[in-house]
Amino acid sequence: LNDALKEAVRQVYGVDVSVGDALDARLPDGAPPIRAMRRALAGESIDLDGSWQAGNAQRSAEVHLTPIRSGSLITGVAIFGRDTSRQRELEASLRRADRLATVGTLATGVAHEINNPLAYVTTNVDWLRDELPRLVRQCTVDHPEEYLKVLDETAEGVARVQRIVSDLRNFARDDVEGVECDVREVVASTVNLAMSRIRRSAALTVEHTRPYHAAAS
């Protein structure tokens, strides 16, 4: 092994090799092309596409192995490789972006479907809150304040659902380029959407020192 090859193995596979090392044993699982070397030495041309863990990084490559012939003898193996790690990262980013776009479209539709029945619930709860005092005066009811408390809690829950639906619709919008917004409202909206996850592992405190406006993008 010359120094250039050892450095290439270290950069690509994340391992240090020396003369006398059994490369099959030193390389990570899934790493081309050493495991195909014997097949190439037997006369087979091989195309490989592999991914493996190199230290803390995920690496991938496309490799072609072809035997080098001298007459009827195979004297070595030519290896041609292309590092596809960056390409795989970009492809994964595009897939994530596509999923996020799909989630945004779904969120808009779900928010619209929730809004319609939610409007009925809100209207009916408000009507009950207005009518309950009159009904209590006409009927003998024990602990009427408990009924008002239940309605207040219901109204609070409905208001929270409305905020979440509104935040979802705002999150999914794609027509806000250049629109001025209050960063405090954006932060509050984001926290509201993420609170179900946050409260399981952390206590979040948000402090606003002053109003701050910026152009949405």
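Above this note sits the structure.
About the cut-offs
Each chain has its residues counted from 1, running along the sequence as written. Only residues with pLDDT of at least 70 are given local features in this predicted model, and only at 80 or more are side-chain atom pairs given and counted; all residues enter the totals for whole chains, interfaces and linings. Heavy atoms throughout the structure, all of them, feed into the side-chain values; hydrogens and water do not. The helix count covers DSSP runs of H or I at least four residues long, the strand count covers runs of E at least two residues long, and both are numbered beginning at the N terminus. Exposure is judged per residue with a 1.4 Å probe applied to protein chains only, and the accessible area is read against the type maximum: over 50% gives exposed, under 20% gives buried, and values in between give partly exposed. We call two residues contacting when some pair of their heavy atoms lies within 4.5 Å. With residues, only the protein chains shown are counted as cover, and all accessible areas are computed by Shrake-Rupley using a 1.4 Å probe. Each reported salt bridge corresponds to a side-chain nitrogen of Lys or Arg within 4 Å of a carboxyl oxygen of Asp or Glu. Expected helix span is given by 1.5 Å per residue-to-residue step, counting one fewer step than there are residues. Each residue is assigned a bend, namely the angle between axes fitted to the seven residues that terminate at it and the seven residues that start at it. Buried Ala, Val, Leu, Ile, Met, Phe, Trp, Tyr and Cys residues that are joined via side-chain atoms within 4.5 Å together make up what is termed a nonpolar core. DSSP-based pairing: two strands are paired if at least 2 bridges between them are found. Residues qualify for a patch when their relative accessible area is over 30% and they have no salt bridge, like charges being joined within 9 Å and the nonpolar side chains of Val, Leu, Ile, Met, Phe, Trp and Tyr within 5 Å.

Asks: Help me get a handle on the overall build of the chain, residues and values and all.
Replies: Counting its regular elements, the chain contains 6 helices and 5 strands. Here the chain holds 217 residues, and 21% of them are scored as buried. The contacts in the chain between residues at least 6 apart in sequence include a share of 44% that link residues at least 24 apart. Just so you have it, the chain exposes about 15500 Å², and 54% of that area is on carbon and sulfur atoms.

Asks: Quick rundown of the pattern of salt bridges? Include the residues and the values.
Replies: Any two side chains of opposite charge can pair if their charged atoms end up close together. Scanning the model with the defined rule gives 6 salt bridges in all. The closest approach of N and O atoms between Asp-49 and Arg-88, which form a salt bridge, is 2.5 Å. You can see Asp-49 sitting in strand β1 (residues 46-54) and its partner Arg-88 sitting in helix α4 (residues 85-138), a full 39 residues away along the chain. Given a relative accessible area of 51%, Asp-49 falls into the exposed group. Taking relative accessible area as the criterion, Arg-88 reaches 27% and is therefore assigned partly exposed. The shortest N-O distance in the salt bridge between Arg-134 and Glu-131 comes to 2.5 Å. Note that Arg-134 and Glu-131 are positioned in helix α4 at a spacing of 3 residues, about one turn of the helix. Under the relative-accessibility criterion, Arg-134 is labelled partly exposed at 34%. Judged by its relative accessible area of 18%, Glu-131 is buried.

Asks: Requested: an account of the side chain of Ser-60, with residues and values cited.
Replies: If you trace the backbone, Ser-60 turns up in strand β2 (residues 57-70). The exposure class of Ser-60 is buried, given its relative accessible area of 4%. Beyond its immediate sequence surroundings of up to four residues, Ser-60 is in contact with Gly-50, Ser-51, Trp-52, Arg-82, Asp-83, Thr-84, Ser-85 and Arg-88.

Asks: If you had to explain α4 to someone new, which residues and values would you point to?
Replies: In this model, α4 (54 residues) spans 76 Å end to end at C-alpha, consistent with the 80 Å of a helix rising 1.5 Å per residue. The principal kink in α4, of about 40°, is found at Glu-131, preceding the proline Pro-133 by one to four residues. Inspection of α4 places Ser-85, Ala-92, Gly-104, Ala-107, Ala-111, Leu-118, Thr-122, Val-125, Glu-131 and Leu-132 among the buried residues, and these make up the whole buried set.

Asks: Explain the nonpolar core to me, using residue names and the numbers behind them.
Replies: Counting residues in each nonpolar core, the largest one holds 8 residues, listed as Ala-36, Ala-40, Ile-46, Trp-52, Ala-61, Val-63, Leu-65 and Val-77. Only α3 (34-41), β1 and β2 provide two or more residues apiece to this core. Element by element, the count of residues in this core is highest for β2, at 3 residues. Excluding anything up to four places from it in sequence, Val-77 contacts Met-37, Ala-40, Leu-41, Leu-65, Thr-66, Pro-67 and Ile-68.

Asks: Which residues make up the pairing of strand β3 (residues 73-83), and what values do they have?
Replies: Two elements, β2 and β3, share 10 bridges in a ladder whose sense is antiparallel. Bridged to Val-63 within β3 is Gly-81. What sits between β2 and β3 in their antiparallel hairpin is a turn of 2 residues, with Gly-71 showing a positive phi close to 70°.

Asks: Got a sec to walk through a nonpolar patch on the surface? Specific residues and values, please.
Replies: Taken together, the side chains of Val-110, Ile-114 and Val-161 present a nonpolar region at the surface, about 200 Å² in accessible area. By secondary structure assignment, the location of Val-110 is in helix α4. A relative accessible area of 43% means that Val-110 is categorised as partly exposed.

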